[in-house]
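# Summary of structural features
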Amino acid sequence: MIEINSAFEKTNRVVVISLNPAIDLTGMLDSINLGHVNAINNSEQHPAGKGINVASVLVSLGAAVTLTGFLGQDNANDFTNLFNSIGIVDDCIKVPGSTRTNCKLVDSHNQVTEFNFQGFIVTETLIEKLEKRVLALTNNHDYFVISGSVPPGFKEMYLFDWITKLRKMNKRVLFDSSKDALKQGMQALPWLVKPNEHELSSYSGKLLIHEQDYLIAAKNLLAQGIEQVVISKGEKGVLWVNQEGILISIPPPMNIVSTVGAGDTLVAGLCWSFMQQFSRTETLSFSTALAALSVTQVGVCLPSLEEIYVTQKSVAIKKFDRAG
Ligand SMILES: Nc1ncnc2c1ncn2[C@@H]1O[C@H](COP(=O)(O)OP(=O)(O)O)[C@@H](O)[C@H]1O
Ligand SMILES: O=P(O)(O)OC[C@H]1O[C@](O)(COP(=O)(O)O)[C@@H](O)[C@@H]1O
């Protein structure tokens, strides 16, 4: 029998689990010509991946973040330099090989074409070692973010097992993944899920188009026992459904540089808002503002609170009581 306890303390401590990190190599070009040579106008490269992006934004907001998961030992320094410079506590397991490099091409219409590679291979021994680390962290943490795809060798079933274990310990698990990993993880009923439109359509097995389609899909997840269903809809904003009702946010128009990392930034904003016990409206407007700011540059941005508050004032919120 799963125990439900809503008496969560305000906290700044959080664990982020990053199973398949990446170095993001972003190239800007006028347009992509398939089958031809494409000249890149300028490029940037930085440590990223869903969990690492979430951890970086959380730290910038003031969270005490312990990052665990896997890192390729051959280029681990690229990541550990970042962790040391911004103050992420590194509890990652080093695995043979290099962490993958993902390629992101941004054209002059700000359209992003992404090439996400597979990643290093993990063994059962490494996975068991990681599970022990995650369980050890339950002694002094209530919030766990599991973000991103899984590397080759990692059976999606582990996500089901780990989320089930964390849930039984009454931990709040925020889960953001895709494909089979999303399916398996969702079945364990994490506390919060954040699919984007495409991921939710693919999970639901049908194309969701209208607001009503998303609402029905969200309410189904709620009925199954997921407490917070947050659907991110790019520049159209966020749809958040829970037992208290439906909230919709619309971000202000932004100067877009790259939308890569917007979803991770939204997850970090949500996590921080819950940890800090913001009201529902404040949680959504804060997280939407933070995510909107992230599209104004390459990678996740670490804006000042002042910048976030200014943007937050331009986020429109629509509220409907009771999810029904
Ligand atoms: N062009 C944009 N302008 C303003 N906010 C944006 C824009 N694109 C994304 N966002 C914000 O970032 C959130 C996450 O973006 P989205 O593209 O839906 O996620 P993902 O990166 O997971 O695909 C959106 O819900 C929205 O709040
Ligand atoms: O974990 P996945 O699905 O392989 O995706 C990894 C990619 O997603 C990112 O974390 C960006 O994610 P979002 O755009 O959804 O925020 C990149 O940094 C990384 O290259």
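Conventions we followed
Residues numbered from 1 in each chain as written. Chains lettered and ligands numbered in written order. Predicted model: local features only at pLDDT ≥ 70, side-chain atom pairs only at ≥ 80, totals over all residues. Heavy atoms only, no water. UniProt positions renumbered as here; feature names shortened; annotations may be inferred. pLDDT = per-residue confidence, 0-100. Contact = heavy atoms within 4.5 Å. Near = heavy atom within 4 Å. Polar contact = N/O pair within 3.5 Å; in protein donor to acceptor, adjacent residues only side chain to side chain. Areas by Shrake-Rupley, 256 points an atom, 1.4 Å probe, with all protein chains shown as cover. Helix = DSSP H or I, 4+ residues; strand = E, 2+ residues; numbered from the N terminus. Pairing = 2+ DSSP bridges. Right-handed = clockwise from strand over helix to strand, strands pointing away. Axes fitted to C-alpha atoms, helices over the stretch in contact; angles between N-to-C directions. Nonpolar A, V, L, I, M, F, W, Y, C, P; charged D, E, K, R; others polar. Buried < 20%, exposed > 50% of the residue type's maximum accessible area, 1.4 Å probe, protein only. Disulfide = S-S within 2.5 Å. Parallel < 35°, antiparallel > 145°, perpendicular 65-115°, else oblique. Left-handed = near helix turned anticlockwise from the far one by under 90°.

Looking at an unreviewed UniProt entry, one finds the protein named Phosphofructokinase, with Thorsellia anophelis DSM 18579 as its source organism. Under the UniProt heading Catalytic activity (unreviewed entry), the note attached to the protein is "beta-D-fructose 1-phosphate + ATP = beta-D-fructose 1,6-bisphosphate + ADP + H(+)". Heading Sequence similarities (unreviewed entry) of the UniProt record for the protein holds this comment: "Belongs to the carbohydrate kinase PfkB family."

Considering every residue of the protein, the mean pLDDT works out to 95; 97% of them sit at 70 or more. Every residue in residues 1-5 is under pLDDT 50, and counting partners more than four places away or in other chains gives seven contacts.

Let us look at the site of ligand 1. Residues in close proximity to ligand 1 total 17 residues, the closest being Asn196, Ser232, Gly234, Gly237 and Gly263. A distance of 2.8 Å is found between an oxygen atom of ligand 1 and a backbone nitrogen or oxygen belonging to Gly234. Within the backbone of Gly237, a nitrogen or oxygen atom sits 2.9 Å from an oxygen atom of ligand 1. Protein coverage of the free-state accessible area of ligand 1, which is 550 Å², stands at 87%. Broken down by secondary-structure element, the contributors of at least two residues to the shell around ligand 1 are helix H8 (262-275) and helix H9 (280-294). Counting residues per element, the shell around ligand 1 draws most heavily on H9, at three residues.

A separate point is the pairing of strand E5 (residues 89-95). By the bridge criterion, seven bridges tie strand E4 (residues 64-72) to E5 in an arrangement that is parallel. Within E5, the position partnered with Phe70 by the bridge is Ile93. At this point the chain moves from E4, through helix H2 (residues 76-86), to the parallel E5, and the crossover so formed is right-handed.

Attention now goes to the sheet that holds strand E9 (residues 172-176). Ordered in space as E5-E4-E1-E8-E9-E10-E11-E12-E13-E14, the ten strands form an open sheet in which the pairing is mixed. Since the sheet does not close on itself, it has two edges, and those belong to E5 and strand E14 (316-321), each with one partner. Two elements, strand E11 (residues 228-232) and strand E12 (residues 238-242), share four bridges in a ladder whose sense is antiparallel. In the strand pairing of E12, Ser232 is matched with Val238. This element, helix H3 (residues 124-136), spans strand E1 (13-18), E4, E5 and strand E8 (143-147) of the sheet and lies at about 165° to E5.

In this section: the site of ligand 2. If you check the shell around ligand 2, you find 16 residues, and the closest are Asp24, Asn102, Ser149, Gly261 and Asp264. Between ligand 2 and Asn53, the relevant distance is 3.2 Å, taken from an oxygen atom to a side-chain nitrogen or oxygen of the residue. Across the complex, the protein chains shield 89% of the 480 Å² of accessible surface that ligand 2 would expose by itself. Going through the elements one at a time, helix H1 (50-61), strand E6 (101-106) and H8 are the ones with two or more residues in the shell around ligand 2. Considering every element that reaches the shell around ligand 2, the biggest residue donor is H8, with three residues. In the shell around ligand 2, the residues fall into three nonpolar, eight polar and five charged.

Further remarks concern the pairing of strand E13 (residues 245-250). Burial analysis of E13 places five of its six residues in the buried class, which makes it a mostly covered element. Bridging between E12 and E13 involves five bridges; their strand directions are antiparallel. Among the inter-strand pairings, Val241 is bridged to a residue of E13, identified as Ile246. Counted along the chain from E12 to the antiparallel partner E13, the turn is two residues long.

This part is about the state of the cysteines. One pass over the structure, following the stated rule, counts zero disulfides. With no disulfide partner, Cys92 has as its closest neighbouring cysteine sulfur the one in Cys271, 17 Å distant. Accessibility expressed as a relative area gives 7% for Cys92, which makes it buried.

Below, the discussion takes up the packing of helix H4 (residues 157-168) against helix H5 (residues 179-187). Where H4 meets H5, the closest approach of the two axes is 7 Å, and the angle between their N-to-C directions is 30°. In terms of axis orientation, H4 runs roughly parallel to H5. In this structure, H4 crosses over H5, and the sense of that crossing is right-handed. Along the contact surface, H4 presents Met157, Leu159, Phe160 and Ile163, while H5 presents Ala181, Gln184, Gly185 and Gln187. Residues of the contact of H4 with H5, tallied by class, amount to five nonpolar, three polar and no charged.

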